[in-house]
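Analysis of the macromolecular model
The residues making up each chain are set out below.
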Amino acid sequence: MRRFVDREGRAWDVLAGRASWGVTCALFIAAGHEAQVRQATMMPESVEAAQRELDDLDESALAALLESSTPQTLE
C-alpha cells in the first residue's frame, strides 16, 4: 500500500487488487473520515506486478489514475 496526496490536497491510500474476471486494478481508499473507495483497471496480469507498477508511478501519474477511476460502494 502507498499513500499519496491528490491535486486537491486529499490523502489517499492506493493498492493493487483483483476485480472480476481476474482483471487487476488500483484501489484508492480515501484517508481520514470520509469512506470513499475508487477503482481503476490496470493491465498487469498479476496483483504483484500491478503493485510494482503503482510503486513506480510518480504522484502526478497516481493523480491521473485516480481521476480516471470510478467510485465503488462499500456494501
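Below, the structure is looked at part by part. Note that this is a predicted model, so its numbers are computed, not measured.

**Looking at helix 1 (residues 47-56)**
Each full turn of the α-helix corresponds to 3.6 residues, which orients residues three or four apart in the same direction. Along helix 1, the positions that sit buried rather than exposed are Ala50, Gln51 and Leu54. What you see down the axis of helix 1 is that its buried residues fit within an arc of 100°, all on one side. Exposed and facing more than 90 degrees away from the buried side of helix 1 are Glu48, Arg52 and Asp56. On the buried face of helix 1, the contacting elements are strand 1 (2-5), strand 2 (11-18), strand 3 (24-30) and helix 2 (59-67).

**A word on the pattern of salt bridges**
All told, the structure shown has four salt bridges when counted by the stated rule. For Arg10, the salt bridge identified is with Asp6, shortest N-O distance 3.0 Å. Residue class for Asp6 comes out buried when judged on its relative accessible area of 9%. Among the salt bridges present, the one from Arg7 reaches Glu67, with a minimum N-O distance of 2.8 Å. Within this pair, whereas Arg7 is found in the loop between strand 1 and strand 2, its partner Glu67 is found in helix 2, the two being separated by 60 residues in sequence. The exposure class assigned to Glu67 is exposed, which follows from its relative accessible area of 52%. Via salt bridges that share partners, Asp6, Glu8 and Arg10 belong to a single interconnected network.

What counts and what doesn't
- Note on numbering: residues in each chain are counted from 1, in written sequence order.
- Residue-level local features of this predicted model are given only where pLDDT is at least 70; pairs of side-chain atoms are given and counted only at 80 or more, and the full residue set underlies all totals for whole chains, interfaces and linings.
- Side-chain measures were taken over the full set of non-hydrogen atoms in the model, leaving aside hydrogen atoms and water.
- Working definition: with a 1.4 Å probe on protein chains only, accessible area under 20% of the residue-type maximum means buried, over 50% means exposed, and in between means partly exposed.
- Going along the chain from the N terminus, every DSSP run of H or I of four or more residues is numbered as a helix, and every run of E of two or more is numbered as a strand.
- Working note: the arc is built from the helix axis to C-beta atom directions.
- Contact definition: two residues touch when any of their heavy atoms are within 4.5 Å.
- Think of a salt bridge as a Lys or Arg side-chain nitrogen and an Asp or Glu carboxyl oxygen that are within 4 Å of each other.

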